[in-house]
Amino acid sequence: MEYTLKELMTIMAAREIQDDDIVFCGTGISMVAAMAAKHINAPNSIIFFETGAIDSRLEEVPMAVADPRVMFGAASNSGLLESFATMQNQITGGRVIGILGAAQVDKYGNLNSTCIGDYFQPQIRFSGSGGACDVASFVPRCLIFMQHEKRKFPIMLDYLTSPGYLDGPGARENAGLMSGGPTAVITNLGVMYFDHDTKEMYLAYYYPGVSPQTILDNMEFGVDISRAKEAESPTEHELKILRETVDPHKLIL
Amino acid sequence: MEYTLKELMTIMAAREIQDDDIVFCGTGISMVAAMAAKHINAPNSIIFFETGAIDSRLEEVPMAVADPRVMFGAASNSGLLESFATMQNQITGGRVIGILGAAQVDKYGNLNSTCIGDYFQPQIRFSGSGGACDVASFVPRCLIFMQHEKRKFPIMLDYLTSPGYLDGPGARENAGLMSGGPTAVITNLGVMYFDHDTKEMYLAYYYPGVSPQTILDNMEFGVDISRAKEAESPTEHELKILRETVDPHKLIL
Amino acid sequence: MSINRDKVMTLKDAIKTYVTDGCHISIGGFTVSRNPMAAVFEIMRQRKRNLHCYAHSNGTGIDELVGGGCISKLEIAYGGNGKAAPTCIRFKSAIQNREILFEDYSNYQMSLRFHAGAMGVPFIATRSGLGTDILKKWGFSEQMRSKDPKLPDKKIEIIDNPFNGWAGASKVVLVPAINPDITIIHVQKADKYGTCRIEGLNFADVDQVKASRNVIVTCEEIVDTDTLREKPEYNQIPFIHVSAVVHVQYGAYPSACYNYYDYDPKYLSQTSKFAKDDRLYEEYLKKFVYGVKDHQELLNLIEKEQLKNISADKRTGYATGLDRR
Amino acid sequence: MSINRDKVMTLKDAIKTYVTDGCHISIGGFTVSRNPMAAVFEIMRQRKRNLHCYAHSNGTGIDELVGGGCISKLEIAYGGNGKAAPTCIRFKSAIQNREILFEDYSNYQMSLRFHAGAMGVPFIATRSGLGTDILKKWGFSEQMRSKDPKLPDKKIEIIDNPFNGWAGASKVVLVPAINPDITIIHVQKADKYGTCRIEGLNFADVDQVKASRNVIVTCEEIVDTDTLREKPEYNQIPFIHVSAVVHVQYGAYPSACYNYYDYDPKYLSQTSKFAKDDRLYEEYLKKFVYGVKDHQELLNLIEKEQLKNISADKRTGYATGLDRR
């Protein structure tokens, strides 16, 4: 069955979500991935938003985390303070997996969503952290969506908005952050994990038709490709749910 | 018109409440005093409770600050966090007058509502601070209800639960407390104010039929009586409202 | 275990599972309202011992737990019931007789400590209590604290405002977070997953729940999930914080449950009369707590007429005209 | 002035009275929901200048204020609108062209700063942002801070946990309180004294209001005080915090107001197209903001059919099936 790259990325992310996870969701593809996981492999997972909606019914795809569509049928509608506390809280926070995007990611999974160039005189200014820095600071597992381009995988970030493993093993703990950190970087070419010991990114999956070398060619820094396997294509079942149940009007995909 | 001492005390306290005050209320006589003020001299005053009820309708006298009677018809029902923040908040807090009671008060208006004797092996244990310490720490004006007995006006408190002027001028500020402090101590014999400069208690009013000397005889420490005047008896109007509107079933008075 | 599961169980099982000897516990409600009394009596019946209890002003519930000998350590702001009944007699006698270790805080300090626990931070700052004995006198010694990993090393810490007088404060008190092993609250409505809707004041229940490792919710009604979710903004507690849901009508009795029933002035004043005398209190426990197998049996000992008297009026949420002398 | 008074006034007067050049301001809502847009447009029409603005993720409202040249200093967590519209274009170009001073925070840090302001404490601790440039790079210099009494001396402060690892934290970041001169929010229902009932998510509106010296509430409906007081637990804001109440239907348009209307994807995407070009944006302002005398006149420029399209469905609170491409 044919599928688009965006569909593949969504399914790769959905597969990382486990049953009973509490999924912190942004907008766009991350929301679709979380919704797909709930309908496919993690029926008991719970989607929540930084705006304070927990376990929203999501009859329609929200276009923003403050979209009225996240308010309908939720278990609780509160506010930002309650939502971030759910992640900083060590009891509930330990169950949360975050899904983030960024303009740049470095080999330790640190993210930049603030600017390109000097902070005070940027060539390009982005939206800024929003809740990304908070999520990355608090939760034990994070998925990161990226477009695979050289400038987006730089050796040095222009601005460190959201903490990954900072500068390597033990750095989160030294800085005072909660342990944990990014789990996977999901791009249009493959999926990267982080080495348990070095905390450096390595290639885990390359997509059908993409060579590991192509992936290396699209990054400033190098990554270990010795553990890489070809990703399994989305199944018919996965695609059917994605297209018919999750985003039937193709608002995101 | 005849009146009881309790009625007089209530009216003396009510007269201290100004229109537009936000009145922090405990149970018992303080609640009746606040209700009386609202019906007599401060129609725009607002009564609120540490439990989180603001401007309750109070069709019946509540017997506790968590009595369901404080929840009915309020502007807002929240919780302790919001209620105390109203007082610590410098914008709203500046409008609040607190009404407290205690087992002991010293000449600087510091209160003990914790114990008599050693803290760890008390002869008598009382309820403890509740919200009294918080109110006394935050708000610019406080009324204190006391029974006038020697042991209740000691030179040295057995335990300092709620801060008055601590050990004198500037002490609140040095300790880091918000400025302000107790305004009046209202007893069964008279009313004491605090000197602007020395922060020491002085006799402002003695009740009809009570001599200043009787008051001094009922305190361990001495107070200035040179400014004392006889208190005005409750008016017919004041008593009528107290008896017919505020506490018709004599639950408190 | 899934947090997205049907959590309904019996009170007996919930207490057996989540309240263990020596655990750190907090209960919801305030003086005469929404104390989780059915759960409190069940804890007493199951003869739980050495509980470490965190309380702001949970009147009736705490006094019974102290009276039943369940508590050995108590951090508390207020042991009293307001004017509704002579205040917390067993609590006071336990301190006077040195039967429990205790430490005093203010209501706001305790609320902030639960709030810090719910937020996942080690402390919150306040300006309450500076210059008082509440900050100076520690009920638990430094030695005891350093030995017990479940206690912070210090009761409080005073620091200079690092933002140089910002917000008008030269100094602040930092109060340490509380994260109880178990919190028990009683609410009006919950669904089987644990989402709660509290009517009237919520006191500190929401933060107590969110700060806690496990949570038992007892409720007047288990309602349909879809019904609760028609107005999610009125559900203060989402199910992700809850371990067990127990249906107990009159679960707050003899304290009040807004919109359902008032406090029972008769029961409360009778209990406080008993509480003043060790022998009478023992008899009271035998009859009303140990002598019954569950909360329904306790209710059976109350005159039907009195239960009718305290039932809430629809308009006001309390029993209008109730004889409260 | 009495806080217990009828506070209803016109939007023009409210903005004239409470929004002054150079004042510190925050607005309610989040990206595409409940931005107080009628008030924002009125601020632009009154050509207010040099505002110091505090924002978490107030998308549409902030971008228009920046575009209208009203803001000179901005403390912000997120300049964007989600996928609903290309994100905050005037905000970005203002930074790229160095037209405003700005300082970045995270959404939680900003929420905590409002929370601290509402609580009356100088700071709150969090573990968010340790090791990041958000803590390292200050938009406002120490020199500028020390000169301005309305700014804290430091952006943030990192301290060791004085409770020795309590709650698992070795260090924490302290973020300083915000107390704006004026906060403006748009809500569904308020009474004439300012008591508010927010439906759906409240975002950070409640703390923004309580932290603020003055507060303007715009609302879809002014409702009877007695009606609101039938369920006081659903009124998140009591009147004691509010300075002015303004009745403006569609007061959040083109952002959404839950249970009343959805965001308008047409207006938002059209505006962002204009926003990309200085000349086009000037024309947009001329027509939709400066060219109308009030919010009703702006609404008159919108097709009636589109206003109908975005009206909220009763069951869901939003416009089901709305064309949002």
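For the structure given in this document, a descriptive report is provided here. (Residues numbered from 1 in each chain as written. Chains lettered and ligands numbered in written order. Predicted model: local features only at pLDDT ≥ 70, side-chain atom pairs only at ≥ 80, totals over all residues. Heavy atoms only, no water.)

Time to look at the overall build of chain C. Along chain C, the regular secondary structure elements total 13 helices and 11 strands. Against the globule reference of 20 Å for 325 residues, chain C gives a C-alpha radius of gyration of 20 Å, in line with a compact fold. C-alpha atoms of chain C, sized along the principal axes, occupy 60 × 50 × 40 Å. Put simply, chain C has 325 residues, and 70% of those count as buried. Contacts spanning at least 24 positions in sequence make up 73% of the contacts within chain C whose residues lie at least 6 apart. As displayed, chain C has an accessible area near 10500 Å², and 46% of this comes from carbon and sulfur atoms. (Helix = DSSP H or I, 4+ residues; strand = E, 2+ residues; numbered from the N terminus. Rg over C-alpha atoms; globule rule 2.2 N^0.38 Å. Buried < 20%, exposed > 50% of the residue type's maximum accessible area, 1.4 Å probe, protein only. Contact = heavy atoms within 4.5 Å. Areas by Shrake-Rupley, 256 points an atom, 1.4 Å probe, with all protein chains shown as cover.)

Right, let's talk about the packing of helix H1 (residues 5-16) of chain B against helix H2 (residues 29-40) of chain B for a bit. Residue and element names in this part refer to chain B. One can describe the packing of H1 onto H2 by two numbers: an axis separation of 8 Å at closest approach and a directional angle of 60 degrees. With respect to their mutual orientation, H1 and H2 come out oblique. Helix-helix and strand crossings are classified by hand; for H1 and H2 the assignment is right-handed. Taken together, the residues of H2 that come into contact with H1 (itself represented by Lys6, Met9, Thr10, Ile11, Ala13 and Ala14) are Ile29, Val32, Ala33, Ala36, Ala37 and Ile40. Classifying every residue of the contact of H1 with H2 gives 10 nonpolar, 1 polar and 1 charged. (Axes fitted to C-alpha atoms, helices over the stretch in contact; angles between N-to-C directions. Parallel < 35°, antiparallel > 145°, perpendicular 65-115°, else oblique. Left-handed = near helix turned anticlockwise from the far one by under 90°. Nonpolar A, V, L, I, M, F, W, Y, C, P; charged D, E, K, R; others polar.)

With 67 residues of chain C in contact, the opposing surface of chain B contributes 60 residues. Interface area for chain C against chain B, summed over the two sides, is near 5000 Å², with a carbon-plus-sulfur share of 57%. Our count for the contact surface shared by chain C and chain B stands at 5 salt bridges. Note that Arg315 of chain C is salt-bridged to Glu59 of chain B, the shortest N-O span being 2.7 Å. Our count for the contact surface shared by chain C and chain B stands at 33 residue pairs in polar contact (both at pLDDT 80 or more). Elements with a contribution of two residues or more to the side of chain C that touches chain B: helix H4 (89-96), strand S4 (101-104), helix H5 (107-119) and helix H6 (133-136) of chain C. Element by element, the count of residues in the side of chain C that touches chain B is highest for H5 of chain C, at 6 residues. Residues of the side of chain C that touches chain B, tallied by class, amount to 24 nonpolar, 29 polar and 14 charged. (Buried area = accessible area lost by both parts, 1.4 Å probe. Salt bridge = Lys/Arg side-chain N within 4 Å of Asp/Glu carboxyl O. Polar contact = N/O pair within 3.5 Å; in protein donor to acceptor, adjacent residues only side chain to side chain.)

To continue, consider the sheet that holds strand S5 (residues 123-126) of chain C. All names here are of chain C. The sheet built from 3 strands is open, its strands ordered S5-S7-S6 with antiparallel pairing. This sheet does not close on itself; its edge strands, each paired only once, are S5 and strand S6 (157-160). The average undirected angle you get between the axes of adjacent strands in this sheet is 35 degrees. Lying over the sheet, H5 contacts S5 and strand S7 (171-176), oriented at roughly 145 degrees with respect to S5. (Pairing = 2+ DSSP bridges.)

Right, let's get into the environment of Ala14 of chain A. Residues and elements named next belong to chain A. As for its placement among the helices and strands, Ala14 is situated in helix H1 (residues 5-16). Here the alpha-carbon distance between Ala14 and Asn41, two residues 27 residues apart in the chain, equals 7.7 Å. In contact with Ala14, other than residues within four places in its own chain, are Ala33, Ala36, Ala37 and Asn41.

Quick look at unusual backbone geometry now. Across the junction of Tyr253 of chain C and Pro254 of chain C, the peptide omega takes the value 10 degrees, indicating a cis bond. Relative to the helices and strands, Pro254 of chain C resides in the loop between strand S11 (244-247) and helix H10 (265-275). Positive phi values are uncommon outside glycine, yet Asn50 of chain D reaches one of about 60 degrees.

Residues and elements named next belong to chain D. If you trace the 3 strands from one edge of the open sheet to the other, you get S5-S7-S6, paired in antiparallel fashion. The two strands at the open ends of the sheet, each matched to only one other strand, are strand S5 (123-126) and strand S6 (157-160). Each strand axis lies, on average, 35 degrees off the axis of its neighbour in the sheet, ignoring direction. Pairing of S5 with strand S7 (residues 171-176), which is carried by 4 bridges, proceeds in the antiparallel orientation.

In terms of nonpolar packing, the biggest core is built from 375 residues, with Met201 of chain A, Met201 of chain B, Leu74 and Ile184 of chain C together with Leu74 and Ile184 of chain D touching the most fellow members. Beyond its immediate stretch of four places on either side in the chain, Leu74 of chain D contacts Cys53, Ala55, Ile62, Val66, Phe91, Ile100, Leu101, Phe102, Glu103 and Phe140 of chain D. (Core = buried A, V, L, I, M, F, W, Y, C linked by side-chain atoms within 4.5 Å.)

Turning next to helix H2 (residues 29-40) of chain A. All names here are of chain A. For H2, with 12 residues, the first-to-last C-alpha span of 16 Å sits near the 16 Å given by 1.5 Å per residue. The element H2 is largely enclosed, with a buried count of 9 among its 12 residues. When we look at burial in H2, the residues that qualify are Ile29, Ser30, Met31, Val32, Ala33, Ala34, Met35, Ala36 and Ala37. Where H2 is buried, its residues contact H1, strand S1 (22-25), strand S2 (46-49), strand S5 (96-101), strand S10 (141-145) and helix H9 (236-246). (Expected span 1.5 Å × (residues − 1).)

This part is about the packing of aromatic side chains. Per the stated rule, a full pass over the model turns up 43 aromatic pairs over all chains. Seen from their ring centres, Tyr119 of chain A and Phe102 of chain D are 5.1 Å apart, and the 70 degrees between their planes marks the pair as edge-to-face. One end of the pair, Tyr119 of chain A, is in the loop between strand S8 (115-117) and strand S9 (122-125); the other, Phe102 of chain D, is in strand S4 (residues 101-104), on a second chain. Each member of the pair, Tyr119 of chain A as well as Phe102 of chain D, is classed as buried. Judged by centre distance (6.3 Å) and plane angle (80 degrees), the ring pair of Phe72 of chain B and Tyr318 of chain C falls under edge-to-face. Of this pair, Phe72 of chain B sits in the loop between helix H3 (68-71) and strand S4 (76-77) while Tyr318 of chain C sits in the segment after helix H13 (304-309), placing the two residues on different chains. (Phe/Tyr/Trp six-rings, centres within 6.5 Å; stacked < 30°, edge-to-face > 60°.)

Here we come to the pairing of strand S10 (residues 141-145) of chain B. Residue and element names in this part refer to chain B. Where burial is concerned, most of S10 is hidden: 5 out of the 5 residues are buried. Across the two faces of S10 the burial is the same, with Arg141, Leu143 and Phe145 and Cys142 and Ile144 all buried. Here 5 bridges tie strand S5 (residues 96-101) to S10, and the two strands are oriented parallel to one another. Each residue of the ladder has a partner; that of Ile99, found in S10, is Leu143. Of the strand pairs in this sheet, S10 and strand S11 (residues 181-186) are connected by 5 bridges, and their pairing is parallel. Note that in S11 the partner of Phe145 across the bridge is Ile186.

Turning our eyes to something else, we now look at the interface of chain D and chain A. Listed per partner, the contact involves 67 residues of chain D and 60 residues of chain A. Carbon and sulfur atoms supply 57% of the area that chain D and chain A bury against each other, a total of about 5000 Å² over both sides. Interface area lost by chain D to chain A is led by Tyr108, Leu201 and Arg324 of chain D, which between them contribute 15%. Summed over the shared surface of chain D and chain A, the result is 5 salt bridges. Where chain D touches chain A, the interface holds 33 residue pairs in polar contact (both at pLDDT 80 or more). Top contributing element to the side of chain D that touches chain A by residue count: helix H5 (residues 107-119) of chain D, with 6 residues.

This paragraph deals with the side chain of Lys7 of chain D. Residues and elements named next belong to chain D. Mapped onto the fold, Lys7 is located in the segment before helix H1 (11-18). One buried charged residue, Lys7, forms no salt bridge at all, with the nearest opposite charge on Asp191 at 7.4 Å. Side-chain polar atoms of Lys7 contact the backbone oxygen of Ile3, separated by 2.8 Å. Ignoring any residue separated from it by four or fewer positions in sequence, one finds Lys7 in contact with Lys192, Tyr193, Phe239, Val242, Ser243, Ala244 and Val245. (Lys, Arg positive; Asp, Glu negative; His and termini not counted.)

Shape descriptors only; they carry no functional weight alone.
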